Amino acid sequence: MEDHPMFKHSPASLLRDIAAAAVVATGVLASPAAHAAPKLQKVSMMVGGIDKQIYLPYQLAQDLGFFKKYGIDMVLSTEQEGGIGAEDAMVAGQVDMAGAWYVHTIDFQMHGKNVIDIAQLSGAPGERIMCGKGTHIRTPADWKGKSVGVTDLGSGTDDLTLYLAARYHLTTQEYHRIGVGAGETLISALEHHRIVCGMTTQPTVNAIETMGIGHSTIDLATSAGVNKWLGGFWPAASVLARASWVKKHPVRTQHVVDAMVATMHWIATHSAADIADHLPKDFVSSPLSTKAAYIKALNEDKGQFLPDGRMPKDGPQKVFDVEKLAGKIIKPVNLTITYSNAYADKANQLEGFTK
């Protein structure tokens, strides 16, 4: 017995050895820092309506755990009605990034602010033009002499309405545009015949159809729809950041895009029901929509989301053309510096995704 290794130590050293062995057995090391989890890098992002179906990838990335997977402690917020817009909060430095439409990069450049789109999430604005029951509207040419609803005059929906009308040779003197907001206010305007058609997104689209007061006439919610009605991709939902912030934080920028690209591939390979199951309950079920209706609508409009986070070819030019026709282009614009596919390319390579 005395030759057993345990008996070659003094009682005090034996106790130390037993304690050390217990530490190793439980996986706790003498130097905790040696195996501590990497510290997450904090990034803040405001989204232009985080519960809207067209903006679902941001919250989905959070709920799937992709931000944390890639080392990001993402703080998400949403713009409030009557408050500062997500893109303006980003430019003002209140948040690091914005979940907003690509078109803002063009507007900011004309106002001397360098904003870059680092990940493109959709190739369509996610909007549908809903026309009232019995109106018999088939194309924008049928708006002649009538009133059409947009969110606000000067808004993105207004620009798209102007562009659609012009493509069908309708001048602004031949029809009227009325700001009717979104949700219940747009529904009321359509129901009470203040407008013959109105541009809106889910879940308002579903609510109008469920109530039987209108139907979808023009689809700007899918890639096929925008190619038909606008003549090409019209990139909308994206991740925007100040170019100076991106330059200062290249690693955080890349990791955010890694998370978003992983999310876009997840969306492309999962059903609308799977997606709805991973979103907050109040996003998919509300006074305007049941979960079943949300899933049905998402199944129809899921084609707006791009699987790789890359800007579609000729997308920026299409957005520029819409803005120019709407009278928004007041200075020269260099489209090449309004977006970058470099981060999405690296993210796709990291995940082994092919173009």
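Basis of the calculations
- Every chain is numbered on its own, with residues counted from 1 as its sequence reads.
- Local features in a predicted model are, by the rule used here, given only for residues with pLDDT of at least 70; side-chain atom pairs are given and counted only at 80 or more, and totals for whole chains, interfaces and linings are based on all residues.
- Only hydrogens and water are set aside; all other atoms, that is, all heavy atoms of the structure, feed into the side-chain values.
- Pairing between two strands requires that DSSP report at least two bridges joining them.
- Numbering of helices and strands runs from the N terminus; a helix is a DSSP stretch of H or I covering at least four residues, while a strand is a stretch of E covering at least two.
- Working convention: axes come from line fits to C-alpha atoms, limited for helices to the stretch in contact. Angles between N-to-C directions cover 0 to 180 degrees.
- The contact criterion used is simple: two residues touch if any of their non-hydrogen atoms lie within 4.5 Å.
- Categorising residues by exposure relies on relative accessible area from a 1.4 Å probe, with only protein chains included: less than 20% of the type maximum marks a residue as buried, more than 50% marks it as exposed, and the intermediate range marks it as partly exposed.
- Defined by distance alone, a disulfide is two cysteine sulfur atoms within 2.5 Å.
- Roughly parallel refers to an angle under 35 degrees, roughly antiparallel to one over 145, roughly perpendicular to one between 65 and 115, and oblique to any angle outside these ranges.
- Three classes are used: nonpolar for Ala, Val, Leu, Ile, Met, Phe, Trp, Tyr, Cys and Pro, charged for Asp, Glu, Lys and Arg, and polar for all others, with Gly counted as polar.
- Here the nonpolar core consists of buried residues drawn from Ala, Val, Leu, Ile, Met, Phe, Trp, Tyr and Cys, with membership extended through side-chain atoms lying within 4.5 Å.
- Residue-level confidence of the predictor is what pLDDT reports, using numbers from 0 through 100.

Caption draft 1: Highlighting the sheet that holds strand S3 (residues 97–101). Read across the open sheet, the five strands follow the order S2-S1-S3-S10-S4; overall the sheet is mixed. Lying at the two open borders of the sheet, with one neighbouring strand each, are strand S2 (72–78) and strand S4 (115–120). The sheet shows a mean angle of 30 degrees between the axes of neighbouring strands, taken without regard to direction. Direction of pairing for strand S1 (residues 41–47) relative to S3: parallel, over a ladder of three bridges. Residue pairing across strands places Met45 opposite Met97, the latter belonging to S3. Contacts from helix H2 (residues 56–63) reach S1, S2, S3 and strand S10 (237–242), with the element oriented near 140 degrees to S2.

Caption draft 2: Here's a closer look at the pairing of strand S5 (residues 127–132). Judged by how many residues are buried, S5 sits mostly within the fold: six of six residues are covered. Examined bridge by bridge, S5 and strand S9 (residues 214–220) share six bridges and lie antiparallel to one another. If you follow Arg128 over to S9, its bridge partner there is Asp219. Strand direction decides the pairing type here: S5 and strand S8 (residues 197–200), joined by four bridges, are antiparallel.

Caption draft 3: Structural context of unusual backbone geometry. The linkage connecting Gln202 with the following residue, Pro203, adopts the cis geometry, with an omega of 10 degrees. For Pro203, the position within the fold is in the loop between S8 and helix H8 (204–211). Here His136, not a glycine, exhibits a phi torsion of approximately 60 degrees, which is positive. For Asp314, which is not glycine, the phi dihedral falls at a positive 70 degrees. Take Asp314: it is sitting in the loop between helix H14 (291–301) and helix H15 (315–325). Given the relative accessible area of 54%, Asp314 is considered exposed.

Caption draft 4: How the structure looks around H8. Among the residues of H8, Thr204, Val205, Asn206, Ala207 and Ile208 are the ones counted as buried. On its buried face, H8 sits against S5, helix H7 (184–191), S8, S9 and H14.

Caption draft 5: Region of interest: the state of the cysteines. Scanning the model with the defined rule gives one disulfide in all. Two residues share a disulfide in this structure: Cys131 and Cys197, whose sulfurs sit 2.1 Å from each other. Handedness of the Cys131-Cys197 disulfide follows from its S-S torsion of about 105 degrees: it is right-handed. Residue Cys131 is located in strand S5, and its partner Cys197 is located in strand S8; the two are separated by 66 residues in the primary sequence.

Caption draft 6: Representation of the packing of H2 against helix H11 (residues 250–268) within the structure. Between H2 and H11, the shortest axis-to-axis distance is 9 Å and the interhelical angle comes to 100 degrees. By the angle between their axes, H2 is roughly perpendicular relative to H11. Residues Leu56, Pro57, Tyr58, Leu60 and Ala61 of H2 form the contact with H11, whose participating residues are Met260, Thr263, Met264, Trp266 and Ile267. Its residues assigned to classes, the contact of H2 with H11 shows nine nonpolar, one polar and no charged.

Caption draft 7: Up close: the nonpolar core. Among the nonpolar cores identified, the biggest contains 82 residues, and Tyr58 and Trp143 are the most heavily contacted of them. The element best represented in this core is H11, accounting for nine residues. The contact partners of Tyr58, leaving out residues within four places of it in the chain, are Met45, Val47, Phe67, Leu76, Gly99, Ala100, Leu121, Ala237, Ser238, Val239 and Met260.

Caption draft 8: Region of the structure containing the confidence of the model for the protein. Chain-level pLDDT for the protein is 88 on average; 88% of the residues reach the 70-or-more range. Confidence drops under a pLDDT of 50 for residues 1–35, and excluding neighbours within four residues, the segment shows nine contacts in the predicted structure.

Caption draft 9: Local environment of the sheet that holds strand S7 (residues 176–179). One open sheet accounts for five strands, arranged S7-S6-S8-S5-S9; its pairing is mixed. This sheet does not close on itself; its edge strands, each paired only once, are S7 and S9. Averaged over all pairs of adjacent strands, the angle between strand axes in this sheet comes to 25 degrees, irrespective of strand direction. Pairing analysis gives two bridges linking strand S6 (residues 147–150) to S8, with the strands arranged parallel. Counterpart to Val148 in the pairing with S8 is Cys197.

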